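Survey of secondary and tertiary structure
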Amino acid sequence: MLTRYGGPEATELRDGVPEPSAGPKEVRVQVRAAGLNPVDWKTREGKLKVIRRFPLPAVMGNEIAGVVESVGSGVTRFSVGDRVYARVDKDTMGGLAEKAVVHEDHLAKMPTSLEFEAAAAVPLAALTALQALRDELRLGKGQRVFISGGAGGVGTFAIQIAKHFGAEVATTASPRGDALVRRLGADKVIDYTRERFVDSLRDYDGAFDLLGGDDLARTFSVVKRGGSVVSVAGMPEPETARRDLGRGLALAALFWAASFGTRRAAARHGVRYRYLFMHPSGSDLEELAALIDAKKIEVVVDRIFPFADAKEALAYLEGGRAKGKVVVRMSS
Ligand SMILES: NC(=O)c1ccc[n+]([C@@H]2O[C@H](COP(=O)([O-])OP(=O)(O)OC[C@H]3O[C@@H](n4cnc5c(N)ncnc54)[C@H](OP(=O)(O)O)[C@@H]3O)[C@@H](O)[C@H]2O)c1
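So, here's what we can say about the structure. (Residues numbered from 1 in each chain as written. Predicted model: local features only at pLDDT ≥ 70, side-chain atom pairs only at ≥ 80, totals over all residues. Heavy atoms only, no water.)

Here we look at the pairing of strand E8 (residues 188-191)
Rules: For two strands to pair, DSSP has to find at least two bridges joining them. Each helix is a run of DSSP H or I of at least 4 residues and each strand a run of E of at least 2, with the numbering of both proceeding from the N terminus. By definition, the crossover connecting two strands over a helix is right-handed if that path, from the first strand to the second, turns clockwise as seen with the strands pointing away from the viewer.
Here four bridges tie strand E7 (residues 168-173) to E8, and the two strands are oriented parallel to one another. Bridging from a neighbouring strand, Ala 173 pairs with Asp 191 of E8. A crossover connection joins E7 to the parallel E8 through helix H5 (residues 175-183); in handedness this β-α-β unit is right-handed.

Here we look at the layout of surface pockets
Our working rule: Definitions used for this entry: grid spacing 1 Å over protein atoms alone; cavity, a set of points where a 1.4 Å probe fits but cannot get out; pocket, an open set with protein on both sides within 12 Å along at least 5 of 7 lines; lining residue, one with an atom within 4 Å of a point. Grid points are joined across faces, edges and corners, and a volume is the space filled by probe spheres set on the points. Each residue gets one of three labels, nonpolar for Ala, Val, Leu, Ile, Met, Phe, Trp, Tyr, Cys and Pro, charged for Asp, Glu, Lys and Arg, and polar for the others, Gly among them.
Considered as a void within the structure, the second largest pocket measures approximately 890 Å³ in volume. Elements with a contribution of two residues or more to the lining of the second largest pocket: strand E1 (26-36), strand E4 (99-103) and helix H11 (310-318). A per-element tally of the lining of the second largest pocket places E4 first, with five residues. For the lining of the second largest pocket, the class distribution of residues is 20 nonpolar, eight polar and 10 charged.

Focus on the site of the ligand
As a reminder, the rule being used: Residues are classed as near a molecule or strand on a simple rule: at least one heavy atom within 4 Å of it. Any N or O atom pair separated by 3.5 Å or less is treated as a polar contact, with the protein-specific requirement of one donor-capable and one acceptor-capable atom, and with residues adjacent in sequence counted only for side-chain atom pairs. The protein chains shown are the only cover counted for residues, whose accessible areas, like all others here, come from Shrake-Rupley with a 1.4 Å probe.
If you check the shell around the ligand, you find 26 residues, and the closest are Ser 174, Tyr 192, Arg 321, Ala 322 and Lys 323. Taking Leu 276, its main chain carries an N or O atom lying 2.8 Å from a nitrogen atom of the ligand. For the ligand, the protein covers 88% of the area, taking 930 Å² as the surface of the free molecule. Counting residues per element, the ones that place at least two in the shell around the ligand are helix H1 (38-45), helix H3 (123-136) and helix H4 (153-164).

Notes on the sheet that holds E8
Rules: Here an axis means a line fitted to C-alpha atoms, over the contact stretch when the element is a helix, while the angle between two N-to-C directions is reported on a 0 to 180 degree scale. Contacts are assigned to residue pairs that have any heavy atoms within 4.5 Å of one another.
Spatially, E8-E7-E6-E9-E10-E11 is the arrangement adopted by the six strands of the open sheet, whose pairing is parallel. Single-partner strands in this sheet number two, and they are E8 and strand E11 (272-275). On average, adjacent strands in this sheet sit at an angle of 15° to one another, irrespective of strand direction. Examined bridge by bridge, strand E6 (residues 144-147) and strand E9 (residues 204-209) share three bridges and lie parallel to one another. Directly across from Val 145, in E9, lies its bridge partner Gly 206. Taken strand by strand, H3 contacts E6, E9, strand E10 (223-231) and E11, and its axis lies near 150° from that of E9.

What to know about unusual backbone geometry
Threshold: Residue burial is assigned from relative accessible area. The probe radius is 1.4 Å, only protein chains are included, and a residue is buried under 20% of its type maximum, exposed over 50%, and partly exposed in between.
Of note, the bond from Leu 56 into Pro 57 is cis; its omega dihedral lies within 30 degrees of zero at 0°. Along the chain, the position of Pro 57 falls in the loop between H1 and strand E2 (63-71). Positive phi, close to 45°, is recorded for Arg 138, a residue that is not glycine. Its identity as a non-glycine residue notwithstanding, Lys 295 has a phi of 65°, on the positive side. Mapped onto the elements of the fold, Lys 295 is located in the loop between helix H10 (282-293) and strand E12 (301-306). Using a relative accessible area of 64% as the deciding quantity, one classes Lys 295 as exposed.

Re the packing of H3 against H4
Cut-off, in case you're wondering: Oblique is the label for every angle not falling under 35 degrees (roughly parallel), over 145 degrees (roughly antiparallel), or within 65 to 115 degrees (roughly perpendicular). The crossing is said to be left-handed when, going from far helix to near helix, the turn is anticlockwise and less than a right angle, and right-handed when the turn is clockwise.
One can describe the packing of H3 onto H4 by two numbers: an axis separation of 8 Å at closest approach and a directional angle of 45°. Our classification of the angle between H3 and H4 gives oblique. As H3 packs across H4, the resulting crossing turns out to be right-handed. Facing Ala 125, Ala 126, Thr 128, Ala 129, Leu 130 and Leu 133 of H3, the residues of H4 in contact are Gly 153, Val 154, Phe 157, Ala 158, Ile 161 and Ala 162.

In structure tokens form, the structure reads like this:
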């Protein structure tokens, strides 16, 4: 439970939290496991307040796997007992609880080959990777893509999805993540602790930035003119406000100013820059479930924590060294 914005002390475990009920087109899920993502600690710290302010206290948690317990009016695609997974509604969070309510359109049957813990590791990171590579970079066969930070939650999915699309993949990883990213299919791995990726990569068709900051600034020089850089870790830009957040001119103007330097750097290299906020999508999760069940995508779980240690789990993720995903197992 997030009680105020701040450090780890701003969260607490609580009993007796009122259970949400399923409204029209909503499904109530008995949560069996919840995945963690950097957005959880960024939200806790208040870093995203300009975009979204949650009335506090708020139940944290953005992705779940579990069992359908009840369905609201108008729900047609799910029944009690279905094993499902979802990236929960961005405006409510609520995944780190025994029960969570999800809109039918955001939900999908979870991959049949997975346990709840691995299924809960999929939605947010895999949707991000799919939407960035398919919808923004429009990655296709034979193209070359650079994915920075390949060993983390998003990167482990992105490498495999890019390979599935037939692309050639270069990524950065430390020796701790080297074997993992190679196993997932990376064709070229740059050890960022010893080498600058700008020294060995040139004329890539596109790049997917998972690091932001100086890494993003350097990424523009590895992409060829006319190519695209899609970031989920750099500065949001005006299109982010309009397309991803459905917001008006005020936020677009703020993002225009905040991303000015980044967009100027992109323009200097003749490269398109786009900051993406992923969106929940049941149909995309169906596509991912099929790829997982067909063994085209492996779900990499670094650690599973019991719910009683959810705070430790978040601290572990916040340490920035996770290989794949961090998951919290609910008690039932
Ligand atoms: N906009 C959106 O919709 C959206 C959605 C999802 C995620 N995101 C953002 O995307 C970013 C990545 O998320 P994530 O879940 O993948 O994070 P994560 O799992 O916490 O990433 C950790 C991984 O990053 C690697 N890493 C750290 N510094 C690195 C560097 N300089 N070069 C290469 N690898 C490095 C670490 O490897 P080593 O231990 O080997 O260093 C570790 O394996 C976060 O900023 C997150 O907030 C945004």
